[in-house]
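# Remarks on the overall topology
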Amino acid sequence: MPILSAQNILLRFGGPPLLDNVSFDIEAGDRICLVGRNGEGKSTLLKILTGEMEMNSGDIVKKSGLKISRMIQEIPAHLEGTVRDVVMGRVPITGANTAREVGADDALRNSHAEAILGKTGIPADLRYDDLSGGQKRRVLFARAVAEDPDLLLLDEPTNHLDIPAIQWLEGIVSRLDCAVLFVSHDRAFVRRIATRIFELDRGRIRSWDFPYDKFVQFRDQALVEEEKANQLFDKRLAEEEVWIRKGIQARRTRNEGRVRALIRMREERAARRTRTGSVNMQITEAERSGRLVARLTNVTYAYEGEPLIRDFSTEVSRGDRIGIVGPNGSGKTTLLRLILGELTPDSGEIRLGSNLQIAYFDQMRTRLREDKSLIENIGDGQAYITLNGVKRHVLSYLQDFLFSAERARGPISALSGGERNRLLLACLFSHPSNVLVLDEPTNDLDMETLDLLAELLADYKGTVITVSHDRAFLDSVVTSIFAIEDDGNVFEAVGGYSDYEANRKFREKEAARAQSKSAAISAQPLSATAVPAGVVPPMPTPIKKKKRSYNEEREYAALPEKIESLEAEIASRQTELSKPEVYTNAPRILELQKEIVGLESELEQAYERFEYLDNLGG
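Structure report, in brief. (Residues numbered from 1 in each chain as written. Predicted model: local features only at pLDDT ≥ 70, side-chain atom pairs only at ≥ 80, totals over all residues. Heavy atoms only, no water.)

## Digging into the sheet that holds strand S1 (residues 4-11)
To keep things clear, this is the line we draw: Pairing between two strands is assigned when DSSP locates at least 2 bridges connecting them. Starting at the N terminus, helices and strands are each numbered in turn, a helix being any DSSP run of H or I of at least four residues and a strand any DSSP run of E of at least two. For helices, the fitted axis covers only the stretch in contact; all axes are lines through C-alpha atoms, and the angles between them, taken along N-to-C directions, range from 0 to 180 degrees. Two residues qualify as a contact provided that any one of their heavy atoms is within 4.5 Å of a heavy atom in the partner residue.
The strand order across the open sheet formed by 3 strands is S2-S1-S4, and the pairing between neighbours is antiparallel. Whereas interior strands pair on both sides, the edge strands pair on one side only; in this sheet they are strand S2 (19-26) and strand S4 (57-62). When the angles between neighbouring strand axes are averaged without regard to direction, this sheet yields 10°. Along the sheet, helix H1 (residues 42-50) contacts S1, S2 and S4; its crossing angle with S1, the most-contacted strand, is approximately 120°.

Written out as structure tokens, the structure is:
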């Protein structure tokens, strides 16, 4: 039985309905991701479910005693009190936790609050106003969970969080007992958490009982079929319009029926809502820069005595695609500005290349002028701009970024977060560049726009340097990682974020193994026979390295083929898992997963055995 059932929700602000007779059910234990384009009404729907916003018509049927808690998308700039006060619910926040009755179950709530407060890693007595943006978001999440809700609503919970904080959030949400309905653009987070998908498209919700990747596959197939059906309908309508213009030859019943059918077809075509078009982005490219973009030699930079970057040397070449990662406050933007030569290091040398034309996406969006319209932000008073040698009208260019003519003439103060990011990208790409610097470009952008941005950057002939906490975006865009780790040390890794993460885990494993070995040596008892003073102890006899036996030599020679075979078997089963006919067959899924686990274990043993035999020598 559903814990919440939405029935025919209608919400209209003028024009087509934002929510057009939306219906869905939420079951206990569901973890549902609500996806849709920017401006489709995702946050509005969450507000309706908590009662913060009225709908025009429809019903929301809740299980008796259902408790709903919502983590809001916007971070309040100012709240009185400490972290404990906020998490305990002693500080009112507009739009948060509106479903709770004041004074209800206070003792139980305080118990939950203390439990989640200890998991945030933030001192409870710190003032809320003294926290960073990422810390404030963690506190707001803890406040929502402390309500001990039956249904938890999360609106863009990963915004402004660093990757360790996102992974912390994933761990908490995946272990919650309550149902969760969340909005997120972070694909890695959605893949980890969501078991179902609600797609909000053109005012309607379609429920997909699949994880995200399966949803994308079936959604794309459904859109292709919809397009085919629309084309067939339009063809039939055109034929009927030709027939009616020729005139009805006789007033027979079948002709009258055909006229009535045509009228119904016209009404159906007029009521059809076309899917919002895709952003059509292009980057205005400048002449090529020199081969060298920037060279850093033993660069160190400290802030208030604390080292942010320590003794870092690297070279950035034309065409590089670099991702900068690290915890909040670790100095990612500082490193970015050092590479660009905007900051002078405390020590070391920075050399910039020649003919650099830099386009800079600022995460604080300071480039946008709040008192100006969208047209004025793009054209600086000019009606036309030039993109890659082609003259374009500013209105036409803004339509490529899904801004209507009416919206383009309005102030940017009315734009949502995602629309502001789209406008900033439009400003950025309208100026020639050969170095693109993007500081948190993915916040608030919908997944389809993120895909298009990733494709655009892949085709860009210049250099890309980006700071991002979006792991999927980094994997699809960058070819190397600068990771700011402990004490300002910067680690360079080849590949995307997944490659860096694998490298980091390997280094941690090796360090733990070395520490364990060192501890074991230290624990060994000293020899009872002391060496007299002044006497040089004899050199230990070197241990002769053991060689492989005949059987071990044969095993060593056969292992590469065995490893290759095991990897092929794992890949084969993973491919089978992705087939639609298998995905709906639960017993087969369990069987394949069990086989994959067994094969991966066997593969790991084969690797360890190969490493052991390789160290023996022939």
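## Quick look at the packing of aromatic side chains
To be explicit about the condition: Pairing of aromatic rings covers Phe, Tyr and Trp, the last through its six-membered ring, and needs centres within 6.5 Å; plane angles under 30 degrees mean stacked, over 60 mean edge-to-face, and all others mean tilted. Exposure categories follow from relative accessible area, calculated using a 1.4 Å probe and restricted to protein chains: below 20% of the type maximum is buried, above 50% is exposed, and the middle band is partly exposed. Whether a charge sits over a ring depends on NZ of Lys or CZ of Arg being within 6 Å of the ring centre and within 35 degrees of the ring normal.
Under the defined criterion, the tally for this structure stands at 10 aromatic pairs. Centre to centre, the rings of Phe182 and Phe189 are 5.5 Å apart; their planes meet at 85°, and the pair counts as edge-to-face. Look at Phe189 and you get buried, because its relative accessible area is 0%. Plain terms: the ring middles of Trp208 and Phe215 are 5.8 Å apart, the flat faces sit at 65° to each other, and that makes the pair edge-to-face. Each member of the aromatic cluster is reached from another via a ring pair, and the members are Trp208, Tyr212 and Phe215. Here the guanidinium or amino end of Arg422 rests over the ring plane of Phe403, the centre of that ring lying 5.0 Å away.

## Comments concerning helix H16 (residues 497-522)
To keep it simple, the criterion reads: The span you would expect from a helix comes to 1.5 Å times its residue count less one.
Here H16 spans 37 Å end to end across 26 residues, near enough to the 38 Å set by a 1.5 Å rise per residue. Where H16 is concerned, the buried positions are Tyr497, Tyr500 and Glu501. Looking at the packing, one finds that the buried side of H16 touches helix H5 (163-174), strand S12 (321-325), helix H15 (471-477), strand S19 (480-484) and strand S20 (490-494).

## Thoughts on the nonpolar core
Inclusion rule: What we call a nonpolar core is a set of buried Ala, Val, Leu, Ile, Met, Phe, Trp, Tyr and Cys residues that are connected through their side-chain atoms within 4.5 Å.
Counting residues in hydrophobic clusters, the biggest one holds 48 residues, and the most contacted among them are Val87, Phe141, Phe182 and Ile197. The element contributing the most residues to this core is helix H4 (residues 133-146), with 7 residues. Here Ile197 is in contact with Ile32, Cys33, Val35, Val190, Arg206, Ser207, Trp208, Phe210, Pro211, Tyr212 and Phe215, once residues within four sequence places are set aside.

## A look at the side chain of Thr466
What counts is decided by this rule: Polar contact is defined as a pair of N or O atoms within 3.5 Å, subject to the rule that within protein one atom must be able to donate a hydrogen and the other to accept it, and that residues adjacent in sequence are counted only when both atoms are side-chain atoms.
Mapped onto the secondary structure, Thr466 falls in strand S18 (residues 463-467). Residue classification places Thr466 among the buried residues on the basis of a relative accessible area of 1%. Separated by 3.1 Å, the side chain of Thr466 and the backbone oxygen of Leu438 make a polar contact.

## Let's talk about the pairing of strand S9 (residues 204-208)
In terms of strand pairing, strand S8 (residues 196-201) meets S9 through 5 bridges, oriented antiparallel. Paired with Asp201 across the two strands is Arg204, which belongs to S9. Between S8 and S9, which pair antiparallel in sequence order, lie 2 residues; one of them, Arg202, sits at a positive phi of approximately 55°.

## Points about the environment of Arg351
Along the chain, the position of Arg351 falls in strand S13 (residues 347-352). The exposure class of Arg351 is partly exposed, given its relative accessible area of 47%. Along the sequence, Arg351 and Gly341 sit 10 residues apart, while their C-alpha atoms lie 7.9 Å from each other. Ignoring sequence-local partners within four residues, the contact set of Arg351 consists of Leu292, Val293, Ala294 and Arg295.

## Details of a negative patch on the surface
Going by this rule: Residues enter patches when they are more than 30% accessible in relative terms and free of salt bridges; like-charged ones are connected within 9 Å and nonpolar ones (Val, Leu, Ile, Met, Phe, Trp, Tyr) within 5 Å. Computed with the Shrake-Rupley method and a 1.4 Å probe, the accessible areas treat only the protein chains shown as cover for residues. The term salt bridge refers to a pairing of a side-chain nitrogen on Lys or Arg with a carboxyl oxygen on Asp or Glu at a separation within 4 Å. Asp and Glu are treated as the negative residues and Lys and Arg as the positive ones, with His and the ends of the chain left uncounted. Where a charge lies is defined by one atom per residue type, namely NZ (Lys), CZ (Arg), CG (Asp) and CD (Glu).
Residues Glu604, Glu608, Glu611 and Asp614 make up a contiguous surface patch of negative charge. Of note, Asp614 is situated in helix H19 (residues 586-616).

## Section: the pairing of S1
Along S1, 6 of the 8 residues are buried, which leaves the element largely enclosed by surrounding structure. Pairing between S1 and S4: 5 bridges, direction antiparallel. For Ala6, the partnering residue across the bridge sits in S4 and is Ile60. When S1 meets S2, the two strands line up antiparallel, connected through 5 bridges. Bridge assignment links Ser5 to a residue of S2, and that residue is Asp25.

Note that every value here comes from positions in space, so none of it alone points to a role or purpose.
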